[in-house]
Amino acid sequence: MKISLDWLGDLVSWDDSNDELAVKLTAAGLNVEGIEEFKVSFPGVVIAKVLKQEQHPDADRLSLCQVDAGTGEPVQVVCGAPNVREGLTVVFATVGSVLPGNFKIKKSKIRGVQSFGMICSDTELELGTDGEGIIELDTDLPAGTPVDELYGFSDTVLDIEVTPNRPDWLSHVGVAREVAAIYGTKVSFPRTWSSQQTGESLGKKVRIDDYADCPRYSAFGARGVEVGSSPKWMQNRLLAIGSRPINNVVDITNYVMFETGQPMHAFDQSKLSGTTITIKKSEKGEKVVTLDEQERELEEGTLLVCDDKGPVALAGVMGLANSEVDQGTKNILLESAFFDSLLVRKASRGLNLISESSYRFERGGDWEMVIKAAHRALYLFQEHSGAHIVTDWADRFDPDRTAPKDIPLRIWQVNRVLGTEITTDQAATALQALGLKVQPMGNPLSSSPSAVNIMVKVPTFRRDLFQEIDLIEEVARSYGFDNMKDGAGFSGTTAGQRNTKDIALAKIRSWLAACGYSEIVTSTFMVEDDQQKMQMPEDDLRYQSLAVMNSHSGGDLNLRTHMLPSALDVVRRNINSGAAVPLRFFQNNRVYWPAGRKAENPLQADDCLLPEEPLFLQFAVAGNKDKGLDQVPADLLEIKGVVEALSSYLRIPLVLTVADAEPWLISGQQWTIQDGQGNNVGSAGRVSGKVLQANEIEAPVAVAEINLDLLDLNPLEMKYQPFARFPEVKRDLSLLVPNGTVYGQVEQVVLESGGVHLELVELFDIYRGKGVAEGHGAYGIRLKFRSAKGNLKGKTVDYAIKQIIEALASRLKIEHR
């Protein structure tokens, strides 16, 4: 069984390298025979734009085009596609590229005209079966972008040896259960169709001649199917595990089989006669034509699926050509069944017709997965073939079937066989991790040879568990065979490694707490008029919110789009309660933007409806009315200092740039926060009086917010820098600065004109008043000079000071006092 790790990652999470995962699976009994890297790539094939299209001078059905392939110069190419036209964005294979099938693109002359490449269709890239016209792209990616950004795919595939007693491992869900048990995580079953009874009729009933041959057979209907190519992500996953995509209907049944382990078959319902599907055995000499267009004579007793006229499928092996889904199919009947494994094996071997379906049925099916997998397939039909699912279905099963018996487990026997000292709780935990249900019995601490400590309910996907020794083997797999030689007690799996974001958040929490900030936890919901209170314009993507349907809480229904309203609510409540000011607090939480970015490569169509959910860090100071230098509010200076100090502590670039970033902050008293590449990742500043008044707050509030999802949270590498060997030279300057000139401008000019020895510029005083010219302020700055080669001479420093004073005078009209 080939397991796609890209696929497996949708079902379960793990925190290990691919090699380590393979080692742990092998230790658990799933022998990983190989690890393969699968890649779909088109080197030399790029996105291009058709700049000009005109008739070929010597061919009626050819066009002469000029395309922009991102090289800076138009490229001439001859194209025979009827849909090529000026302004079209296309897929362009440059000279030297090699397309699937080892088709090399060369410079050529077509009907006397030079052609330098090829504009591609689906078939040339093996992306589909439509070769009538070229691919028409709808993308904003610039010309010259490798087409791999749209169609490239890479995956890692595990080749697992599956023993005959474990048919549940013949699926990604089955392997996901083992991964979940190893890493202590949970399996997330993919989305399924939700049935709703509407009185609609399937129009078919099921009859089973002998329940021993077919204990269960279910049939479902899908109408209005549009047969075509399956979605690219599905094709990629099927290709990665060695299955050839055919069309969306066939691909979906194959996809669900590899995902859940339940084989299914889709019939063209218009080709089925009558109203009854019958499962019965063949008569001697009966002949059929299978989907591979081979006529086969059946042995007597071959299990068949029949309509009112005769056979339409070899049960559990292969469908017949007389009911095949083709391009004209509009309505399908979906089969999901539980056939007798011995009959399927007999038919498969007798006809020398071994299929993925027969391979699974021969090893035994999962009773409950019959319906569950069908609902999964119906969901995919709905999403990827435009089908309407008939709400009525047929489910015929053996009414006398009995569930597997519960198995008793004695801890005394577990420890006797394994040579361990495992407790009842540890054994129960190990079995539950593997998906088994346990019920404690009697005294769980009893170690008597006759005491049953646990009763285990066997799930339908574990057809290999019959007796106590089978359960002991499962406990041993979870415990680890290597741990048995020393008789050590049970030890569970260790916690997975934390990711970069979790590590950064832990550091931020501890650092802000050490700085005197208290962490707050606020509601995910907001009040309907919060956007208006924040002075948010209606065209802001954060204005639109998402409401929860069928709420039972009776409270707010809208998911928040911003964290400021919740922070202001905390401020108002605390100040009204008489809390000491200033208040200092922080929170990190997600907000929800329905109008935000959507998933670029959604696995499901509904994923495009989900809101963007960025994770924000917010910290605030409320109630600090003190002033700093030049009467700048102290809370504003504090917030600025926290951003800069946090950047230094995390070793993550955070740059404050003076700009009016948000409408709820005071103009001229706010910054945008940018990362090291100049991308906006947040804002900081003082909340405006109108916003405070709307929230009934009389104290000033300064706040900073950072979108952590936009930040690279990997810290910069620490670099060694030797201590300075030579002393610094300090000089203080008193400057007469015109009002309206900010210190940042002064600092920039000083740094640019101070020369290579200028090491630091510090502002230590601002004075306005008596002795200072009207319309000006006196700034005191300290300059530090140092040379790495020796002691600086006074003349060198004097020259640098002269250059600085001249630059300030000429560029900013600043006088030296």
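Residues numbered from 1 in each chain as written. Predicted model: local features only at pLDDT ≥ 70, side-chain atom pairs only at ≥ 80, totals over all residues. Heavy atoms only, no water.

Some thoughts on the overall build of the chain
Here's step 1: On a plain count of helices and strands, the chain comes out with 19 helices and 41 strands.
Here's step 2: Its C-alpha radius of gyration of 36 Å places the chain more than 25% over the 28 Å reference for a compact globule of 817 residues.
Here's step 3: Projected onto the principal axes, the alpha-carbon positions of the chain cover approximately 120 × 95 × 60 Å.
Here's step 4: Across the 817 residues that make up the chain, the buried fraction comes to 47%.
Here's step 5: Taking all contacts inside the chain whose residues are at least 6 apart in sequence as the whole, residues at least 24 apart take part in 69%. (Helix = DSSP H or I, 4+ residues; strand = E, 2+ residues; numbered from the N terminus. Rg over C-alpha atoms; globule rule 2.2 N^0.38 Å. Buried < 20%, exposed > 50% of the residue type's maximum accessible area, 1.4 Å probe, protein only. Contact = heavy atoms within 4.5 Å.)

Here's the deal with the packing of aromatic side chains
Here's step 1: As enumerated under the stated definition, the model contains twelve aromatic pairs in all.
Here's step 2: Ring centres 4.2 Å apart and planes at 10 degrees place the aromatic pair Trp 7 and Tyr 255 in the stacked group. Residue Trp 7 is found in helix H1 (residues 5-11), and its partner Tyr 255 is found in helix H6 (residues 248-260); the two are separated by 248 residues along the sequence. You'll find Trp 7 and Tyr 255 in the same group, each marked buried.
Here's step 3: Residues Phe 220 and Trp 393 carry aromatic rings whose centres are separated by 5.6 Å and whose planes lie at 25 degrees to one another, so their mutual orientation is stacked. Linking Phe 220 in strand S14 (residues 216-223) with Trp 393 in the loop between strand S23 (388-389) and strand S24 (394-397), this pair joins segments that are 173 residues apart in sequence.
Here's step 4: Exposure remark for Phe 220: the relative accessible area of 1% places this residue in the buried category.
Here's step 5: Taking the relative accessible area as the measure of exposure, Trp 393 reaches 25% and is therefore partly exposed.
Here's step 6: Among the aromatic side chains, those forming a connected cluster through ring pairs are Trp 7, Trp 233 and Tyr 255.
Here's step 7: Its guanidinium or amino end placed over the ring of Tyr 359, Arg 363 lies 3.7 Å from that ring's centre, counting from NZ or CZ. (Phe/Tyr/Trp six-rings, centres within 6.5 Å; stacked < 30°, edge-to-face > 60°. Lys NZ or Arg CZ within 6 Å of the ring centre and 35° of its normal.)

Focus on the sheet that holds strand S21 (residues 318-319)
Here's step 1: Spatial strand order, S13-S16-S19-S20-S21: five strands in an open sheet with mixed pairing. Every interior strand has two partners, whereas the edge strands, strand S13 (205-208) and S21, have only one.
Here's step 2: Pairing geometry for S13 and strand S16 (residues 276-281), over four bridges, is parallel. Counterpart to Lys 205 in the pairing with S16 is Thr 276. (Pairing = 2+ DSSP bridges.)

Describing the pattern of salt bridges
Here's step 1: Taken as a whole and judged by the stated rule, the model has 45 salt bridges.
Here's step 2: When the shortest N-O distance is used, the salt bridge between Lys 24 and Asp 16 registers 2.9 Å.
Here's step 3: When salt bridges with common partners are traced through the structure, they connect Arg 166, Asp 168, Glu 178, Arg 462, Asp 464, Glu 474 and Arg 477 into a single cluster. (Salt bridge = Lys/Arg side-chain N within 4 Å of Asp/Glu carboxyl O.)

With respect to the pairing of strand S36 (residues 680-687)
A regular strand places its side chains on the two faces of the sheet in alternate fashion.
Here's step 1: Here S36 lies mainly inside the structure; six of its eight residues are buried.
Here's step 2: By the bridge criterion, six bridges tie strand S35 (residues 665-674) to S36 in an arrangement that is antiparallel. Counterpart to Gln 674 in the pairing with S36 is Asn 680.

Observations regarding the side chain of Arg 462
Here's step 1: Within the secondary structure, Arg 462 is located in the loop between strand S27 (454-457) and helix H12 (468-479).
Here's step 2: You can call Arg 462 buried: its relative accessible area is 2%.

Section: H12
Here's step 1: Between the first and last C-alpha of H12 there are 16 Å, a value that for twelve residues agrees with the 16 Å anticipated at 1.5 Å per step.
Here's step 2: In terms of residue burial, H12 counts as a mostly covered element, since nine of its twelve residues are buried.
Here's step 3: Those residues of H12 lying buried are Glu 468, Asp 470, Leu 471, Ile 472, Glu 474, Val 475, Ala 476, Arg 477 and Tyr 479.
Here's step 4: Residues of H12 that are buried make contact with helix H4 (172-183), strand S25 (407-409), helix H10 (411-418), helix H11 (424-433) and S27.
Here's step 5: Phi turns positive, to about 105 degrees, at Gly 480, one or two residues after H12. (Expected span 1.5 Å × (residues − 1).)

Observations concerning unusual backbone geometry
Here's step 1: Geometrically, the link from Val 581 to Pro 582 is a cis peptide bond, its omega value of 0 degrees lying close to zero.
Here's step 2: Mapping Pro 582 onto the fold places it in the loop between helix H15 (564-576) and strand S32 (583-590).
Here's step 3: The backbone of Arg 111 sits at a positive phi, close to 50 degrees, despite the residue not being glycine.
Here's step 4: Counting through the fold element by element, Arg 111 comes out in the loop between strand S9 (108-110) and strand S10 (113-115).

So, the sheet that holds strand S3 (residues 45-55)
Here's step 1: As summarised here, the arrangement of the five strands in space is S5-S4-S3-S6-S11, forming an open sheet in which the pairing is antiparallel. The open sheet has two edge strands, strand S5 (75-79) and strand S11 (118-119), and neither has a second partner.

Section: the packing of helix H18 (residues 743-753) against helix H19 (residues 794-812)
Here's step 1: Direction vectors running N to C along H18 and H19 enclose 135 degrees, while the axes themselves pass 9 Å from each other. Between H18 and H19, the interaxial angle falls into the category oblique. By crossing handedness, the relation of H18 to H19 is classed as right-handed. Here Gln 745, Val 746, Val 749, Val 750, Glu 752 and Ser 753 of H18 come into contact with H19, specifically with Ala 800, Gln 803, Ile 804, Ala 807, Leu 808, Arg 811 and Leu 812. (Axes fitted to C-alpha atoms, helices over the stretch in contact; angles between N-to-C directions. Parallel < 35°, antiparallel > 145°, perpendicular 65-115°, else oblique. Left-handed = near helix turned anticlockwise from the far one by under 90°.)

Notes on empty space enclosed by the protein
Here's step 1: What the rule picks out here adds up to four cavities of 30 Å³ or more.
Here's step 2: In this structure, the largest cavity is lined by 18 residues; those nearest its centre are Pro 167, Asp 168, Thr 260, Gly 261 and Asp 366.
Here's step 3: Taken together, the residues of the lining of the largest cavity break down into six nonpolar, seven polar and five charged. (1 Å grid on protein atoms, 1.4 Å probe; cavity = no way out; pocket = protein on both sides within 12 Å on 5 of 7 lines; lining within 4 Å. Points joined across faces, edges and corners; volume = space filled by probe spheres on them. Nonpolar A, V, L, I, M, F, W, Y, C, P; charged D, E, K, R; others polar.)

Observations regarding the side chain of Arg 166
Here's step 1: Structurally, Arg 166 is set in the loop between strand S12 (153-161) and H4.
Here's step 2: Look at Arg 166 and you get buried, because its relative accessible area is 3%.
Here's step 3: In terms of polar contacts, Arg 166 uses its side chain to reach the side chain of Glu 178, at 3.3 Å.
Here's step 4: In this structure, Arg 166 is in contact with Glu 178, Arg 462, Asp 464, Glu 474 and Arg 477, ignoring residues within four places of it in sequence. (Polar contact = N/O pair within 3.5 Å; in protein donor to acceptor, adjacent residues only side chain to side chain.)

Brief notes about the nonpolar core
Here's step 1: Grouped together as the largest cluster of nonpolar side chains are 60 residues, with contacts concentrated most on Leu 8, Val 179 and Phe 381.
Here's step 2: Here this core gets ten residues from one element, more than from any other, and that element is helix H9 (residues 369-384).
Here's step 3: Sequence-distant contacts of Val 179, that is, excluding residues within four places in its chain, are made with Leu 8, Val 12, Ser 13, Trp 14, Leu 21, Leu 25 and Thr 185.
Here's step 4: Counting residues in each nonpolar core, the second largest holds 32 residues, with Tyr 217, Val 305, Ala 313 and Leu 351 among its members. (Core = buried A, V, L, I, M, F, W, Y, C linked by side-chain atoms within 4.5 Å.)

Brief notes about the environment of Leu 298
Here's step 1: Here Leu 298 shows up in the loop between strand S18 (295-297) and strand S19 (303-306).
Here's step 2: Spatially, the C-alpha atom of Leu 298 lies 79 Å from that of Tyr 517, the residues being 219 residues apart in sequence.
Here's step 3: Filtering out sequence-adjacent residues up to four positions away, Leu 298 remains in contact with Ser 282, Glu 283, Gly 285, Glu 286, Val 288, Leu 304, Leu 314 and Leu 351.

A word on the environment of Val 12
Here's step 1: Relative to the assigned elements, Val 12 resides in the loop between H1 and helix H2 (18-27).
Here's step 2: When its relative accessible area of 4% is taken as the criterion, Val 12 is described as buried.
Here's step 3: Each C-alpha atom, one on Val 12 and one on Ala 222, is 30 Å from the other, the two residues being 210 residues apart in sequence.
Here's step 4: If sequence neighbours within four positions are ignored, Val 12 has contacts with Ala 176, Val 179, Ala 180, Thr 185 and Lys 186.

Considering the environment of Gln 535
Here's step 1: Looking at the element boundaries, Gln 535 is found in the loop between helix H14 (530-533) and strand S30 (546-547).
Here's step 2: According to the relative accessible area criterion, Gln 535 is partly exposed, its value standing at 36%.
Here's step 3: When the C-alpha atoms of Gln 535 and Leu 665 are compared, they prove to be 9.5 Å apart, with 130 residues separating the residues in sequence.
Here's step 4: Excluding residues within four positions of it along the chain, Gln 535 makes contact with Pro 663, Lys 690 and Val 691.

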